[in-house]
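So you can see what is in the structure, the chains are spelled out below.
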Amino acid sequence: MKIEILPKNENDAIQKEIISKIRDYINYKNLEPGDKLPSERKLSENFGVSRSSVREAIQTLEFYGLLKSKPQSGTFVADIGSVALNGMITDILRLEKPDFKSLVETRILLELKTVRLAALRRSKEELKEIEEALEAYATKVMNGEDAVQEDLLFHLAIAKASGNSTINTFMLTITPEIITNFTKYHVCDKNIAFIGIQEHRDIYEAIKKQDPQLAKEKMKVHFKMLYQYCYNIPD
């Protein structure tokens, strides 16, 4: 399995402009909950932007529960009043990109809970997915190859096994950017990849045993360097 790790979004201003225009369109047309928006193609023509930019803006509003997309049907205003919708969009437009350290701190807090849930709830199929991601990571590292995607897949497999769709969504949102920026921010040295093999294996074994406390402890060991980075803890 190969996944595409998206680069950091460099079009924040464009996205905010599109979101603002979608809000203005909903207000101008007095759209009610359940009303349908024009197609991505029509919106891109009206706004003078690419369809991919419109799609990303719609996905952002979907993430916050303001729009709903239905396959083969289109995009609709969610079941939320106009006052709340306008207020939430205003808040979204004020949001700033979280700094890298904040993302790392969030990941630590999130994954310590996620791994406990995965140990309690994982199915045999989900355990197999975690094991496959672990072995793929180990193979790449031992061959001296970059294993960023395999590392990502391992942690996302654990998030999936947690059985909590909201946690899984958060992980999908924040983890790729964190992992791909490790080198940029000098969080981990190159030798950490080899150490990561055994750490990943320890986490997997704890999940396999369905021991949530052990799984949490092994994840904390795995996050040692992240703790040092976030909280300036000495070696």
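As annotated in an unreviewed UniProt entry, the chain carries the name GntR family transcriptional repressor for pyruvate dehydrogenase complex and is attributed to Arenibacter echinorum.

Right, let's talk about the overall build of the chain for a bit. If you tally the helices and strands in the chain, you get 11 helices and 2 strands. N-terminal to C-terminal, the α/β element order of the chain is α-α-α-β-β-α-α-α-α-α-α-α-α. A buried classification covers 40% of the 235 residues belonging to the chain. Taking the intrachain contacts of the chain between residues at least 6 apart in sequence as the baseline, contacts between residues at least 24 apart amount to 72%. Surface summary for the chain: the accessible area is close to 13600 Å², and the carbon and sulfur share equals 51%.

Take the pattern of salt bridges next. For the structure shown, the criterion picks out 10 salt bridges. With its nearest N and O atoms 3.1 Å apart, the salt bridge here joins Glu135 to Arg201. With Glu135 in helix α6 (residues 124-142) and Arg201 in helix α9 (residues 192-208), this pair connects stretches of sequence that are 66 residues apart. Overall, the relative accessible area of 33% leaves Glu135 in the partly exposed class. On the basis of relative accessibility, which here comes to 27%, the residue Arg201 falls in the partly exposed class.

A few words now on the environment of Leu120. Here Leu120 is to be found in helix α5 (residues 100-121). Excluding its chain neighbours within four sequence positions, the residues that come into contact with Leu120 are Gln210 and Pro212.

About the cut-offs
- Residues numbered from 1 in each chain as written.
- Predicted model: local features only at pLDDT ≥ 70, side-chain atom pairs only at ≥ 80, totals over all residues.
- Heavy atoms only, no water.
- Helix = DSSP H or I, 4+ residues; strand = E, 2+ residues; numbered from the N terminus.
- Buried < 20%, exposed > 50% of the residue type's maximum accessible area, 1.4 Å probe, protein only.
- Contact = heavy atoms within 4.5 Å.
- Areas by Shrake-Rupley, 256 points an atom, 1.4 Å probe, with all protein chains shown as cover.
- Salt bridge = Lys/Arg side-chain N within 4 Å of Asp/Glu carboxyl O.

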